[in-house]
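Descriptive structure summary
Letter by letter, the chains look like this.
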Amino acid sequence: MIGVHIRPVWRFTIDGQERDFDFLLIRLLEALHEESKLTRAAARAGISYRHAWNLIERWQTFLGAPLVEMERGKGSRLTTLGWNLLWAGQRARARVAPELDSLASEFAAALNAVRGTGGVLLVMHASHDFAVAALRELAGRFGLILDVQFRGSFDALAALRRGDCAVAGFHVPLGPVGARLARQYADLLPADACRLIGFATRTQGLIVAAGNPKRILAVSDLAREGVRMANRQRGSGTRALLDLLFAAEHIDAAGITGYDTEETTHAAVAALVAAGQADAAFGVQSAAAQYRLDFIPVCRERYLLACEAKATAEFAIPALCEMLRSPAFAQAVAALPGYDATGAGEIMDPGALSAG
(Lines give C-alpha, C1' and ligand atoms only; values in the text may rest on other atoms or scores of the structure.)
Protein backbone atom coordinates (compact mmCIF):
# COMPACT_ATOMS: atom_id res chain seq x y z
CA MET A 1 0.00 0.00 0.00
CA ILE A 2 1.29 3.45 -0.92
CA GLY A 3 1.20 6.13 1.73
CA VAL A 4 1.58 9.79 0.77
CA HIS A 5 2.63 12.54 3.14
CA ILE A 6 2.83 16.17 1.98
CA ARG A 7 4.52 18.75 4.14
CA PRO A 8 5.24 22.44 3.53
CA VAL A 9 8.76 23.71 2.93
CA TRP A 10 9.78 27.12 4.22
CA ARG A 11 12.76 28.51 2.37
CA PHE A 12 14.40 31.60 3.85
CA THR A 13 16.55 33.84 1.69
CA ILE A 14 18.77 36.44 3.38
CA ASP A 15 21.34 38.41 1.41
CA GLY A 16 21.44 35.74 -1.28
CA GLN A 17 21.81 32.85 1.19
CA GLU A 18 19.07 30.20 1.15
CA ARG A 19 18.16 27.80 3.91
CA ASP A 20 15.26 25.37 4.31
CA PHE A 21 13.59 25.75 7.66
CA ASP A 22 13.88 23.01 10.30
CA PHE A 23 10.39 22.55 11.80
CA LEU A 24 11.95 20.99 14.87
CA LEU A 25 12.64 24.58 15.89
CA ILE A 26 8.88 25.28 16.02
CA ARG A 27 8.39 22.32 18.36
CA LEU A 28 11.23 23.57 20.55
CA LEU A 29 9.95 27.18 20.65
CA GLU A 30 6.46 25.92 21.50
CA ALA A 31 7.84 23.86 24.39
CA LEU A 32 10.02 26.75 25.55
CA HIS A 33 7.06 29.14 25.53
CA GLU A 34 5.21 26.77 27.87
CA GLU A 35 8.10 25.60 30.06
CA SER A 36 10.42 28.67 30.21
CA LYS A 37 13.38 26.34 30.89
CA LEU A 38 15.48 25.14 27.96
CA THR A 39 16.29 21.84 29.67
CA ARG A 40 12.60 20.98 30.08
CA ALA A 41 11.72 22.36 26.63
CA ALA A 42 14.39 20.19 25.00
CA ALA A 43 13.05 17.11 26.79
CA ARG A 44 9.50 17.87 25.61
CA ALA A 45 10.75 18.35 22.06
CA GLY A 46 12.51 14.99 22.26
CA ILE A 47 16.04 16.28 21.80
CA SER A 48 19.10 16.85 23.97
CA TYR A 49 19.85 20.17 25.63
CA ARG A 50 22.94 20.57 23.44
CA HIS A 51 20.97 19.91 20.27
CA ALA A 52 18.33 22.44 21.37
CA TRP A 53 20.91 25.10 22.11
CA ASN A 54 22.73 24.52 18.82
CA LEU A 55 19.46 24.70 16.89
CA ILE A 56 18.54 28.04 18.44
CA GLU A 57 22.04 29.43 17.95
CA ARG A 58 22.19 28.33 14.31
CA TRP A 59 18.90 30.04 13.43
CA GLN A 60 19.63 33.15 15.48
CA THR A 61 22.87 33.55 13.55
CA PHE A 62 21.18 33.04 10.19
CA LEU A 63 18.25 35.38 10.96
CA GLY A 64 20.50 37.98 12.51
CA ALA A 65 18.45 38.46 15.67
CA PRO A 66 17.79 36.54 18.90
CA LEU A 67 14.89 34.12 19.16
CA VAL A 68 15.22 33.55 22.89
CA GLU A 69 16.21 35.73 25.84
CA MET A 70 17.77 33.93 28.78
CA GLU A 71 18.08 35.54 32.19
CA ARG A 72 19.79 33.88 35.13
CA GLY A 73 17.27 32.86 37.75
CA LYS A 74 14.27 33.69 35.56
CA GLY A 75 14.54 31.11 32.82
CA SER A 76 14.03 31.80 29.13
CA ARG A 77 11.40 33.56 27.10
CA LEU A 78 10.79 34.10 23.42
CA THR A 79 11.71 37.37 21.80
CA THR A 80 9.28 39.09 19.43
CA LEU A 81 11.00 37.35 16.51
CA GLY A 82 10.83 33.97 18.27
CA TRP A 83 7.16 34.44 19.06
CA ASN A 84 6.34 35.49 15.49
CA LEU A 85 8.15 32.44 14.15
CA LEU A 86 6.25 30.19 16.57
CA TRP A 87 2.95 31.85 15.63
CA ALA A 88 3.63 31.31 11.92
CA GLY A 89 4.40 27.64 12.54
CA GLN A 90 1.26 27.10 14.61
CA ARG A 91 -0.87 28.88 12.01
CA ALA A 92 0.58 26.78 9.20
CA ARG A 93 -0.02 23.57 11.16
CA ALA A 94 -3.60 24.51 11.99
CA ARG A 95 -4.62 25.95 8.63
CA VAL A 96 -2.50 24.17 6.01
CA ALA A 97 -1.85 20.70 7.47
CA PRO A 98 -5.49 19.48 7.20
CA GLU A 99 -5.62 20.60 3.55
CA LEU A 100 -2.31 18.89 2.77
CA ASP A 101 -3.46 15.73 4.56
CA SER A 102 -6.65 15.70 2.47
CA LEU A 103 -4.63 16.16 -0.71
CA ALA A 104 -2.22 13.40 0.30
CA SER A 105 -5.16 11.11 1.04
CA GLU A 106 -6.60 11.80 -2.41
CA PHE A 107 -3.26 11.12 -4.13
CA ALA A 108 -2.66 7.90 -2.17
CA ALA A 109 -6.15 6.64 -2.96
CA ALA A 110 -5.67 7.24 -6.67
CA LEU A 111 -2.26 5.55 -6.72
CA ASN A 112 -3.44 2.53 -4.74
CA ALA A 113 -6.52 2.16 -6.92
CA VAL A 114 -4.36 2.03 -10.07
CA ARG A 115 -2.03 -0.54 -8.47
CA GLY A 116 -4.95 -2.57 -7.13
CA THR A 117 -3.42 -2.60 -3.66
CA GLY A 118 -4.27 -1.38 -0.20
CA GLY A 119 -7.98 -2.21 0.02
CA VAL A 120 -11.32 -0.79 -1.05
CA LEU A 121 -11.55 2.94 -1.66
CA LEU A 122 -14.03 4.86 0.49
CA VAL A 123 -14.43 8.57 -0.21
CA MET A 124 -15.56 10.62 2.76
CA HIS A 125 -16.36 14.33 2.86
CA ALA A 126 -16.53 15.42 6.48
CA SER A 127 -16.65 18.39 8.79
CA HIS A 128 -13.23 18.96 10.33
CA ASP A 129 -12.79 16.71 13.34
CA PHE A 130 -9.86 15.26 15.27
CA ALA A 131 -11.45 11.80 15.49
CA VAL A 132 -11.91 11.69 11.71
CA ALA A 133 -8.18 12.33 11.32
CA ALA A 134 -7.50 9.41 13.69
CA LEU A 135 -9.89 7.20 11.71
CA ARG A 136 -7.86 7.69 8.55
CA GLU A 137 -4.81 6.22 10.26
CA LEU A 138 -6.69 3.01 11.12
CA ALA A 139 -8.32 2.37 7.74
CA GLY A 140 -5.65 0.10 6.25
CA ARG A 141 -6.08 -2.46 9.05
CA PHE A 142 -9.69 -2.98 7.97
CA GLY A 143 -9.17 -3.32 4.23
CA LEU A 144 -10.06 0.29 3.40
CA ILE A 145 -8.37 3.17 1.65
CA LEU A 146 -10.02 6.18 3.28
CA ASP A 147 -9.96 9.32 1.14
CA VAL A 148 -11.02 12.06 3.55
CA GLN A 149 -11.77 15.55 2.29
CA PHE A 150 -12.55 18.07 5.04
CA ARG A 151 -15.58 20.23 4.21
CA GLY A 152 -18.20 22.08 6.21
CA SER A 153 -21.10 19.92 7.40
CA PHE A 154 -23.52 21.39 4.89
CA ASP A 155 -21.02 21.04 2.05
CA ALA A 156 -20.30 17.42 3.02
CA LEU A 157 -23.98 16.46 2.95
CA ALA A 158 -24.48 18.28 -0.34
CA ALA A 159 -21.56 16.27 -1.79
CA LEU A 160 -23.21 13.02 -0.66
CA ARG A 161 -26.48 14.03 -2.29
CA ARG A 162 -24.64 14.79 -5.55
CA GLY A 163 -22.81 11.45 -5.41
CA ASP A 164 -19.37 13.03 -4.97
CA CYS A 165 -18.63 10.89 -1.91
CA ALA A 166 -19.83 7.68 -0.29
CA VAL A 167 -19.92 9.00 3.29
CA ALA A 168 -20.57 12.46 4.73
CA GLY A 169 -19.58 13.50 8.25
CA PHE A 170 -21.54 16.18 10.13
CA HIS A 171 -22.47 17.05 13.71
CA VAL A 172 -25.71 17.77 15.54
CA PRO A 173 -25.94 19.35 19.01
CA LEU A 174 -28.09 17.71 21.64
CA GLY A 175 -31.16 19.61 22.78
CA PRO A 176 -33.54 22.18 21.23
CA VAL A 177 -30.86 23.99 19.21
CA GLY A 178 -29.80 20.67 17.73
CA ALA A 179 -33.37 19.91 16.68
CA ARG A 180 -33.45 23.12 14.64
CA LEU A 181 -30.12 22.37 13.02
CA ALA A 182 -31.18 18.77 12.35
CA ARG A 183 -34.09 20.01 10.23
CA GLN A 184 -31.63 21.95 8.07
CA TYR A 185 -29.43 18.90 7.66
CA ALA A 186 -32.41 16.66 6.82
CA ASP A 187 -33.12 18.76 3.73
CA LEU A 188 -29.67 17.86 2.39
CA LEU A 189 -29.81 14.10 2.94
CA PRO A 190 -30.04 12.00 -0.23
CA ALA A 191 -33.53 11.98 -1.74
CA ASP A 192 -33.44 8.17 -1.84
CA ALA A 193 -33.15 6.08 1.33
CA CYS A 194 -30.12 6.82 3.48
CA ARG A 195 -28.66 5.61 6.75
CA LEU A 196 -26.82 7.30 9.60
CA ILE A 197 -23.82 5.79 11.37
CA GLY A 198 -22.84 6.66 14.91
CA PHE A 199 -19.31 8.06 15.10
CA ALA A 200 -18.55 10.02 18.28
CA THR A 201 -19.88 12.45 20.84
CA ARG A 202 -17.88 15.59 21.52
CA THR A 203 -18.01 18.87 23.45
CA GLN A 204 -18.18 22.28 21.80
CA GLY A 205 -17.62 25.50 23.69
CA LEU A 206 -15.64 28.68 24.12
CA ILE A 207 -11.88 28.55 23.58
CA VAL A 208 -10.18 31.33 25.53
CA ALA A 209 -6.66 32.30 26.56
CA ALA A 210 -5.05 30.49 29.47
CA GLY A 211 -6.34 32.00 32.69
CA ASN A 212 -9.31 33.51 30.81
CA PRO A 213 -8.17 37.13 31.31
CA LYS A 214 -11.29 38.57 29.64
CA ARG A 215 -13.57 36.52 31.94
CA ILE A 216 -15.52 35.09 29.02
CA LEU A 217 -18.03 32.64 30.47
CA ALA A 218 -20.92 32.50 27.97
CA VAL A 219 -21.63 32.97 24.27
CA SER A 220 -23.18 36.35 25.08
CA ASP A 221 -19.78 37.57 26.31
CA LEU A 222 -18.50 37.46 22.73
CA ALA A 223 -20.64 40.54 22.06
CA ARG A 224 -18.98 42.56 24.82
CA GLU A 225 -16.97 45.62 23.87
CA GLY A 226 -13.24 44.86 23.80
CA VAL A 227 -13.67 41.15 23.04
CA ARG A 228 -12.35 39.83 19.70
CA MET A 229 -13.47 36.49 18.38
CA ALA A 230 -12.32 34.14 15.63
CA ASN A 231 -15.02 32.32 13.67
CA ARG A 232 -15.39 29.22 11.54
CA GLN A 233 -16.19 29.53 7.86
CA ARG A 234 -19.67 29.82 6.38
CA GLY A 235 -21.08 26.37 5.57
CA SER A 236 -19.55 24.74 8.64
CA GLY A 237 -21.78 23.12 11.25
CA THR A 238 -19.96 24.94 14.04
CA ARG A 239 -20.67 28.31 12.43
CA ALA A 240 -24.35 27.38 12.04
CA LEU A 241 -24.52 26.24 15.67
CA LEU A 242 -22.96 29.46 16.93
CA ASP A 243 -25.37 31.54 14.83
CA LEU A 244 -28.32 29.68 16.40
CA LEU A 245 -26.88 30.32 19.88
CA PHE A 246 -26.54 34.02 19.06
CA ALA A 247 -30.12 34.10 17.80
CA ALA A 248 -31.35 32.45 21.02
CA GLU A 249 -29.65 35.27 22.96
CA HIS A 250 -31.03 37.93 20.55
CA ILE A 251 -27.47 38.95 19.68
CA ASP A 252 -26.72 40.77 16.43
CA ALA A 253 -23.69 38.79 15.26
CA ALA A 254 -22.78 41.46 12.71
CA GLY A 255 -21.77 43.76 15.53
CA ILE A 256 -19.30 41.31 17.10
CA THR A 257 -15.64 42.15 16.61
CA GLY A 258 -13.97 39.35 14.62
CA TYR A 259 -17.20 37.64 13.56
CA ASP A 260 -16.00 37.81 9.95
CA THR A 261 -12.55 36.42 10.80
CA GLU A 262 -12.98 32.97 9.25
CA GLU A 263 -10.88 29.82 9.58
CA THR A 264 -11.57 26.35 8.22
CA THR A 265 -10.60 24.17 11.20
CA HIS A 266 -11.04 24.06 14.97
CA ALA A 267 -7.27 24.07 15.36
CA ALA A 268 -6.96 27.25 13.28
CA VAL A 269 -9.32 29.31 15.45
CA ALA A 270 -7.59 27.98 18.56
CA ALA A 271 -4.23 29.01 17.10
CA LEU A 272 -5.52 32.58 16.73
CA VAL A 273 -6.46 32.63 20.42
CA ALA A 274 -3.11 31.12 21.40
CA ALA A 275 -1.28 33.83 19.47
CA GLY A 276 -3.30 36.65 21.02
CA GLN A 277 -4.90 37.50 17.69
CA ALA A 278 -8.33 36.77 19.20
CA ASP A 279 -9.72 36.61 22.72
CA ALA A 280 -12.09 33.72 22.07
CA ALA A 281 -13.35 31.24 19.53
CA PHE A 282 -16.05 28.60 19.41
CA GLY A 283 -14.84 25.06 18.82
CA VAL A 284 -14.16 21.60 20.22
CA GLN A 285 -12.41 20.98 23.51
CA SER A 286 -9.54 19.09 21.86
CA ALA A 287 -8.52 22.21 19.93
CA ALA A 288 -8.24 24.17 23.19
CA ALA A 289 -6.22 21.36 24.77
CA GLN A 290 -3.83 21.26 21.80
CA TYR A 291 -2.74 24.83 22.57
CA ARG A 292 -3.13 24.58 26.37
CA LEU A 293 -5.95 27.10 26.36
CA ASP A 294 -8.90 27.33 28.73
CA PHE A 295 -12.23 25.92 27.65
CA ILE A 296 -15.80 26.70 28.73
CA PRO A 297 -18.20 23.89 27.71
CA VAL A 298 -21.40 25.02 26.00
CA CYS A 299 -22.98 21.90 24.51
CA ARG A 300 -22.52 18.24 23.70
CA GLU A 301 -23.11 17.06 20.17
CA ARG A 302 -23.22 13.87 18.14
CA TYR A 303 -20.91 13.52 15.19
CA LEU A 304 -22.67 11.32 12.63
CA LEU A 305 -21.85 9.78 9.27
CA ALA A 306 -24.42 9.54 6.47
CA CYS A 307 -24.46 7.15 3.53
CA GLU A 308 -26.93 5.73 1.03
CA ALA A 309 -28.92 2.81 2.42
CA LYS A 310 -27.86 0.47 -0.39
CA ALA A 311 -24.20 1.02 0.53
CA THR A 312 -24.67 -0.76 3.87
CA ALA A 313 -24.79 -4.08 2.01
CA GLU A 314 -21.47 -3.48 0.27
CA PHE A 315 -18.02 -4.20 1.74
CA ALA A 316 -16.87 -0.65 2.49
CA ILE A 317 -19.61 0.45 4.92
CA PRO A 318 -19.62 -2.79 6.98
CA ALA A 319 -15.83 -2.55 7.15
CA LEU A 320 -16.11 1.08 8.26
CA CYS A 321 -18.61 0.12 10.98
CA GLU A 322 -16.34 -2.70 12.13
CA MET A 323 -13.50 -0.19 12.43
CA LEU A 324 -15.69 2.22 14.42
CA ARG A 325 -16.64 -0.57 16.85
CA SER A 326 -13.02 -1.67 17.30
CA PRO A 327 -11.00 -1.19 20.51
CA ALA A 328 -8.39 0.66 18.43
CA PHE A 329 -10.89 3.37 17.45
CA ALA A 330 -12.27 3.60 21.00
CA GLN A 331 -8.73 4.06 22.29
CA ALA A 332 -7.97 6.77 19.71
CA VAL A 333 -11.14 8.67 20.60
CA ALA A 334 -10.57 8.31 24.35
CA ALA A 335 -7.25 10.15 23.91
CA LEU A 336 -9.09 13.24 22.62
CA PRO A 337 -10.29 15.64 25.36
CA GLY A 338 -14.06 16.08 25.27
CA TYR A 339 -14.75 13.01 23.09
CA ASP A 340 -16.24 9.57 23.60
CA ALA A 341 -17.08 6.79 21.16
CA THR A 342 -20.42 5.69 22.61
CA GLY A 343 -22.59 4.29 19.81
CA ALA A 344 -19.78 4.31 17.24
CA GLY A 345 -20.54 1.98 14.33
CA GLU A 346 -24.27 1.77 15.06
CA ILE A 347 -26.40 2.03 11.90
CA MET A 348 -29.58 4.11 12.28
CA ASP A 349 -32.40 5.37 10.09
CA PRO A 350 -32.65 9.11 9.32
CA GLY A 351 -35.23 9.60 12.05
CA ALA A 352 -32.42 9.34 14.59
CA LEU A 353 -31.20 12.71 13.37
CA SER A 354 -33.87 14.53 15.37
CA ALA A 355 -33.54 12.33 18.46
CA GLY A 356 -32.24 14.26 21.48
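Our structure's up above, just so we're on the same page.
The rules we used
Residues numbered from 1 in each chain as written. Predicted model: local features only at pLDDT ≥ 70, side-chain atom pairs only at ≥ 80, totals over all residues. Heavy atoms only, no water. Helix = DSSP H or I, 4+ residues; strand = E, 2+ residues; numbered from the N terminus. Buried < 20%, exposed > 50% of the residue type's maximum accessible area, 1.4 Å probe, protein only. Areas by Shrake-Rupley, 256 points an atom, 1.4 Å probe, with all protein chains shown as cover. Disulfide = S-S within 2.5 Å. Phe/Tyr/Trp six-rings, centres within 6.5 Å; stacked < 30°, edge-to-face > 60°. Core = buried A, V, L, I, M, F, W, Y, C linked by side-chain atoms within 4.5 Å. Contact = heavy atoms within 4.5 Å. Salt bridge = Lys/Arg side-chain N within 4 Å of Asp/Glu carboxyl O. Patch = residues over 30% accessible without salt bridge, like charges linked within 9 Å, V, L, I, M, F, W, Y side chains within 5 Å. Pairing = 2+ DSSP bridges.

1. What about the overall build of the protein?
Across its full length, the protein holds 13 helices and 14 strands. Expressed as lengths along the three principal axes of its C-alpha atoms, the size of the protein is roughly 65 × 55 × 35 Å. When burial is assessed residue by residue, the protein has 51% of its 356 residues classed as buried. A total of about 16,100 Å² of accessible surface is found on the protein, and carbon and sulfur atoms cover 51% of it.

2. Considering unusual backbone geometry
The phi dihedral of Asn212 is positive, around 50°, even though this residue is not glycine. Relative to the helices and strands, Asn212 resides in the loop between β8 (194-208) and β9 (229-232). Note on Asn212: relative accessible area 6%, which makes it buried. The backbone of Arg292 sits at a positive phi, close to 55°, despite the residue not being glycine. Tracing the backbone shows Arg292 in the loop between α11 (285-290) and β12 (294-308).

3. Looking at the state of the cysteines
Taken as a whole and judged by the stated rule, the model has zero disulfides. With no disulfide of its own, Cys165 lies closest to Cys307 among cysteine sulfurs, the gap being 10 Å. Left without a disulfide partner, Cys194 is nearest to the cysteine sulfur of Cys307, which lies 7.7 Å away.

4. A short note on the packing of aromatic side chains
As enumerated under the stated definition, the model contains 12 aromatic pairs in all. On the basis of an interplanar angle of 65° and a centroid distance of 4.9 Å, the ring pair of Trp10 and Phe23 is categorised as edge-to-face. Taken as a pair, Trp10 in the segment before β1 (11-14) and Phe23 in the loop between β2 (17-20) and α1 (24-35) lie far apart in primary sequence, 13 residues in all. Taking relative accessible area as the criterion, Phe23 reaches 31% and is therefore assigned partly exposed. Between Phe21 and Phe23, the ring centres sit 5.2 Å apart and the planes meet at 85°, which makes this aromatic pair edge-to-face. A relative accessible area of 8% places Phe21 in the buried class.

5. What about the nonpolar core?
Of all hydrophobic cores here, the largest spans 54 residues; its most connected members are Met124, Leu135, Phe199, Leu305, Ile317, Leu320 and Leu324. Filtering out sequence-adjacent residues up to four positions away, Met124 remains in contact with Val132, Leu135, Leu146, Asp147, Val148, Gln149, Val167 and Leu305. Counting 41 residues, the second largest nonpolar core, distinct from the first, contains Phe154, Ala159, Val208 and Ala352.

6. Here's the deal with the environment of Ala330
Along the polypeptide, Ala330 turns up in helix α13 (residues 327-334). By relative accessible area, which is 35% here, Ala330 ends up partly exposed. Spatially, the C-alpha atoms of Ala330 and Thr342 are 8.6 Å apart, while their sequence positions differ by 12 residues.

7. Considering the pattern of salt bridges
Summed over all chains, the structure comprises 18 salt bridges. Here Arg292 makes a salt bridge to Glu34, at a shortest N to O gap of 3.0 Å. Of this pair, Arg292 sits in the loop between α11 and β12 while Glu34 is found in helix α1, placing the two residues 258 residues apart along the sequence. A salt bridge links Arg40 to Glu35, with the shortest nitrogen-to-oxygen separation between them at 3.2 Å. Among the residues examined, Arg40 registers a relative accessible area of 42% and is labelled partly exposed.

8. A closer look at helix α12 (residues 316-324)
For α12, the buried fraction is high: seven of the nine residues fall into the buried class. For α12, the full list of buried residues reads Ala316, Ile317, Ala319, Leu320, Cys321, Met323 and Leu324.

9. Focus: the side chain of Arg239
Positionally, Arg239 belongs in helix α9 (residues 237-248). Once you skip the residues sitting within four places of it in the chain, Arg239 turns out to touch Asn231, Arg232, Gln233, Arg234, Tyr259 and Glu262.

10. Focus on the side chain of Gln149
One can find Gln149 in strand β6 (residues 144-150). Residue class for Gln149 comes out buried when judged on its relative accessible area of 8%.

11. Description of a nonpolar patch on the surface
There is a patch of nonpolar side chains on the surface, built from Tyr49, Trp53 and Met70 and spanning about 300 Å² of accessible area. Following the sequence through the fold, Met70 ends up in strand β3 (residues 68-71).

12. Remarks on the pairing of β2
Across four bridges, the pairing between β1 and β2 is antiparallel. Bridging across to β2, Thr13 finds its partner in Glu18. Turn length for the β1-β2 hairpin, with the two strands adjacent in sequence and antiparallel, is two residues, and the turn residue Asp15 shows positive phi of about 50°.

By themselves, these figures tell us nothing about what the structure is for.
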